[in-house]
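Observations on chain architecture
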Amino acid sequence: MTGELVDAAGGAPPAGGKKRPVQPKENPREAFLKWVQMQLSHVEAHGVPVRGKPAWCPEWWRHPEVVQRLYVSWKGYARAAKLQSEGDGLAKSAWWVQHWDHHARIIFDGTYGPFRACNPAGHLADNKGEGLTIVPAIPADDVELF
């Protein structure tokens, strides 16, 4: 962020010649992190038994899959909030069903999810710090793929 201020209405002063108050442009990274904190503090980990601990990594941002899932959930939530403000009373409901429920089920899955080797002690603590990524080999040119 460069720190410049932008007029929320695109720069044109309102009728009467008075200028609109200038508001700082929102930093997308800060907005995303604020949303993640808000969202995770208001939901329960799907599929976690009573008194169970949800799969979580204290360094969740080191999991590219989780960052991507949270990012698209955030963008979808913003779109649903906009649609709801425009009169679509079911937009947020659709977001919960079509976005959050699916991604949360995967994020918090302690057996198969991206945090399965993490615990409160740290990132990949259950796997001696080694990643669980897939490294696909590229087949030879003569291998027919499709």
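In short, a report on the structure. (Residues numbered from 1 in each chain as written. Predicted model: local features only at pLDDT ≥ 70, side-chain atom pairs only at ≥ 80, totals over all residues. Heavy atoms only, no water.)

1. Remarks on the packing of helix H1 (residues 28-42) against helix H2 (residues 64-85)
- For the pair H1 and H2, the least separation of the axes is 10 Å and the interaxial angle reads 95 degrees. Judged by the inter-axis angle, H1 sits roughly perpendicular to H2. Of the residues in H2, those in contact with Pro28, Ala31, Phe32, Trp35 and Val36 of H1 are Val67, Leu70, Tyr71, Ser73, Trp74 and Tyr77.
- Per-class residue counts for the contact of H1 with H2 are 10 nonpolar, 1 polar and no charged. (Axes fitted to C-alpha atoms, helices over the stretch in contact; angles between N-to-C directions. Helix = DSSP H or I, 4+ residues; strand = E, 2+ residues; numbered from the N terminus. Parallel < 35°, antiparallel > 145°, perpendicular 65-115°, else oblique. Contact = heavy atoms within 4.5 Å. Nonpolar A, V, L, I, M, F, W, Y, C, P; charged D, E, K, R; others polar.)

2. A few points about the pattern of salt bridges
- Considering all chains together, one arrives at 3 salt bridges under this definition.
- Between glutamate 86 and lysine 82 there is a salt bridge whose closest N-O contact spans 2.4 Å.
- Judged by relative accessible area, which is 53%, glutamate 86 ranks as exposed. (Salt bridge = Lys/Arg side-chain N within 4 Å of Asp/Glu carboxyl O. Buried < 20%, exposed > 50% of the residue type's maximum accessible area, 1.4 Å probe, protein only.)

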